[in-house]
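If you want the building blocks of each chain, they are given just below.
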Amino acid sequence: MRMCELLVGLPTVTVLGVVDLLPLAPLAVHIETLLEHRETCAGCGAAARLKDRDPVRLVDLPVFGRAARLVWRKRRWMCSSKVCPVGSWTETAPAIAATRLGLSDRAGRWATFQVGCHGRSVKEVAGDLGCDWHTVNNAVVAYGERLVDDPARIGPVDALGLDETLFVKRGRWRVKQWSTSIVDVRRGQLLDVVEGRDSGPASLWLANRDKAWRAQIRYGTLDMSGPYRKVFDRALPDATQVADPFHVTKLAGEKLDEVRRRVNQEVVGHRGHRDDPLYRARKLLVMAHERLDDRSQDKLTGLLTAGDPNGEVTTAWHAKEAVRELYAHRDPELALEWVDQLSADMRDVSCPPEIRQLGRTMRRWRTQIAAWHQAQVSNGPTETMNGLAKRIKRVAFGMTNFRHWRVRVLLYAGHPDWSKLATVTP
Ligand SMILES: [Zn+2]
């Protein structure tokens with residue numbers, strides 16, 4: 001191998017020259033493939049004639065600190081027989097670049113790893129390569145889709161979670177587009193995402209798995225919403241449904257917030273203002289009480305005394321803490337009793353209406369809420385679902401194409417086998 005080819009790292013090519021026009025422009029390496037045998041027509045076997053060469057400009061990995069382009073003089077052949085219908089064709093060399101992609105093969109794999117595994121943005125990687133966003137994104141989707149659609153990626157699942165995920169706000173009115181994340185709750189692995197948050201797409205996804213795989217699922221975790229309950233009722237009727245603790249405590253926090261805003265309105269006659277005691281207490285209220293130091297605790301007590309004359313916010317705060325407390329208990333035998341007691345206390349006439357409503361919701365979901373104590377020994381799922389949602393948001397929020405978005409989030413949070421990146425064909 002000659003020095004040039006060695007440097008370029010492609011043994012099957014001839015380097016025709018290196019063009020370095022401007023100091024800031026990418027370095028252009030012109031190559032052609034080595035002709036190892038006589039090219040013949042695939043249709044009739046006759047000898048091929050060289051018709052012309054189309055230079056294809058490919059984005060390659062940077063060299064010597066410079067952005068680089070591989071200019072591949074692709075040969076166009078034509079059949080020498082006058083009667084053959086084949087006509088002409090262009091040579092292919094997957095080791096240099098996949099057809100239709102603007103990145104060289106090695107740059108495409110590298111970009112897929114940067115974006116997919118390190119969670120870097122496409123824009124950032126495009127900046128490294130000195131090319132545009134679409135060129136990088138197309139390559140990431142092409143290589144990445146093979147990795148995420150690898151059937152071996154999804155192993156046996158014991159606890160399967162469904163969770164809604166905001167995927168993009170679209171158009172002038174920022175209409176929210178939702179998707180459903182399908183999660184292996186034990187491993188913290190994103191299994192897939194499907195469009196929408198109604199029951200249809202997730203049910204279909206489950207229906208497309210094989211029966212033995214579905215039969216292994218013992219638990220189905222969900223927020224307290226009807227559609228996902230329907231998915232489990234229909235597609236996994238034998239799985240025990242578990243209300244995700246994150247959503248249960250979140251709902252309690254939202255109710256507390258509603259009470260605070262209503263009481264503030266009633267007491268001072270306007271919406272929250274930065275001087276209102278309850279407005280000033282809003283962050284302390286939602287904090288876990290064990291995270292409040294003595295000073296914050298005193299401050300909260302003072303603000304409530306000033307802004308909550310009937311103790312409604314205080315009651316709602318206690319209710320929120322009691323819901324959190326549910327998950328400190330560990331005994332699955334008593335769980336249902338605790339849930340029933342708590343939801344009965346909340347429905348008491350002395351409670352603010354928002355808390356009575358929370359009590360009714362908890363009664364409706366009592367078995368699912370209590371089932372958590374049977375399904376889980378650690379507080380893993382809260383962290384997992386929560387952490388996963390954050391990762392998904394960080395990695396690709398704002399992408400408008402669902403297929404692209406799916407590949408991105410699955411590369412990042414779906415545990416693809418990265419050792420297969422070297423061998424997948426885009
Ligand atoms: Zn031919």
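Structure first, text after, so check above.
The rules behind each value
- Numbering of residues starts from 1 in each chain and follows the order in which that chain's sequence is written.
- Whole-chain, interface and lining totals are the exception, using all residues; otherwise, since this is a predicted model, local features are given only for residues with pLDDT of at least 70 and side-chain atom pairs are given and counted only at 80 or more.
- Working from all heavy atoms in the structure, the side-chain values ignore hydrogens and water.
- The secondary structure listing takes helices from DSSP runs of H or I that are at least 4 residues long and strands from runs of E that are at least 2 residues long, numbered from the N terminus.
- The atom set for the radius of gyration is the C-alpha atoms, and the globule formula is 2.2 Å times the number of residues raised to the power 0.38.
- For the exposure calls, accessible area comes from a 1.4 Å probe over protein chains only, and a residue counts as buried if that area is under 20% of its type's maximum, exposed if over 50%, partly exposed in between.
- It only takes one pair of heavy atoms within 4.5 Å for two residues to be counted as in contact.
- Per-residue accessibility takes into account occlusion by the displayed protein chains alone, with areas from the Shrake-Rupley method and a 1.4 Å probe.
- Residues scored as charged are limited to Lys and Arg (positive) and Asp and Glu (negative), so that His and the chain ends carry no count.
- Charge coordinates come from a single atom per side chain, which is NZ of Lys, CZ of Arg, CG of Asp or CD of Glu.
- We define a nonpolar core as any set of buried Ala, Val, Leu, Ile, Met, Phe, Trp, Tyr and Cys residues linked to one another through side-chain atoms lying within 4.5 Å.
- Because water is not among the atoms used, a metal site may look incomplete, as its donors are only the N, O and S atoms within 2.8 Å, or 3.2 Å for Na, K and Ca.
- Under the classification used here, a metal with four donors is tetrahedral if each angle lies between 85 and 135 degrees, square planar if opposite donors are over 155 degrees apart and the others between 65 and 115, a six-donor metal meeting that same test is octahedral, and anything else is irregular.
- Two strands qualify as a pair provided that DSSP identifies no fewer than 2 bridges between them.
- A crossover gets the label right-handed when its path from the first strand over the helix to the second runs clockwise, viewed with the strands pointing away from the viewer.

Digging into the overall build of the protein chain
Reasoning step 1: Along the backbone of the protein chain there are 17 helices and ten strands.
Reasoning step 2: Taking 2.2 N^0.38 as the reference for a compact globule, 426 residues should give roughly 22 Å; the C-alpha atoms of the protein chain span a radius of gyration of 30 Å, well beyond that estimate.
Reasoning step 3: Each of the three principal axes of the protein chain carries a C-alpha extent, and together these read 95 × 55 × 40 Å.
Reasoning step 4: Taking all 426 residues of the protein chain together, 47% fall into the buried category.
Reasoning step 5: Counting contacts in the protein chain only where the partners sit at least 6 residues apart, residues at least 24 apart contribute 60% of the total.
Reasoning step 6: Carbon and sulfur atoms make up 52% of the accessible area of the protein chain, which amounts to about 22100 Å² in all.
Reasoning step 7: Computing the positive centroid from 65 side-chain charges and the negative centroid from 51, the protein chain places the two 7 Å apart.

Points about the nonpolar core
Reasoning step 1: Membership of the largest hydrophobic core comes to 98 residues, with the highest contact counts inside it found for Val136, Leu160, Leu190, Trp213 and Ile369.
Reasoning step 2: Take this core: its biggest share by element is eight residues, from helix 17 (residues 402-413).
Reasoning step 3: With residues up to four places along the chain from it excluded, the contact list for Ile369 reads Met224, Ala243, Val248, Leu326, Tyr327, Val339 and Met362.
Reasoning step 4: Grouped together as the second largest cluster of nonpolar side chains are twelve residues, Leu10, Leu58, Leu70 and Ala93 included.

A short note on the coordination of the zinc ion
Reasoning step 1: Bound to the zinc ion on the protein side are Cys41 (SG), Cys44 (SG), Cys79 (SG) and Cys84 (SG), at distances that span 2.2 to 2.4 Å.
Reasoning step 2: Of note is the zinc ion, whose four donor atoms meet at the metal with angles of 95 to 114° in an arrangement that counts as tetrahedral.
Reasoning step 3: We note that the donor set of the zinc ion lies within a single chain, spaced as C-x2-C-x34-C-x4-C. Of this pair, Cys41 sits in the loop between strand 2 (27-33) and strand 3 (48-63) while Cys84 sits in the loop between strand 4 (66-79) and strand 5 (88-90), placing them 43 residues apart in sequence. By the burial criterion, Cys41 is buried, and Cys84 matches it.

A short note on the pairing of strand 9 (residues 219-222)
Reasoning step 1: Because side chains alternate across strand 9, one face comprises the buried residues Tyr219 and Thr221, and the other comprises Gly220 and Leu222, equally buried.
Reasoning step 2: Strand direction decides the pairing type here: strand 6 (residues 159-170) and strand 9, joined by three bridges, are parallel. Across the sheet, residue Gly161 finds its bridge partner in strand 9, namely Thr221.
Reasoning step 3: When strand 9 meets strand 10 (residues 240-243), the two strands line up parallel, connected through four bridges. Note on strand 10: the bridge partner recorded for Thr221 is Val242.
Reasoning step 4: Following the backbone out of strand 9, through helix 7 (residues 226-235) and into the adjacent parallel strand 10, one traces a crossover that is right-handed.

Remarks on the environment of Trp213
Reasoning step 1: Along the chain, the position of Trp213 falls in helix 6 (residues 211-215).
Reasoning step 2: Given a relative accessible area of 10%, Trp213 falls into the buried group.
Reasoning step 3: Along the primary structure Trp213 and Asp158 are separated by 55 residues, whereas in three dimensions their C-alpha atoms are 9.7 Å apart.
Reasoning step 4: Once residues lying within four places of it in the same chain are set aside, the contact partners of Trp213 are Ile154, Gly155, Pro156, Val157, Leu160, Leu191, Trp205 and Leu206.

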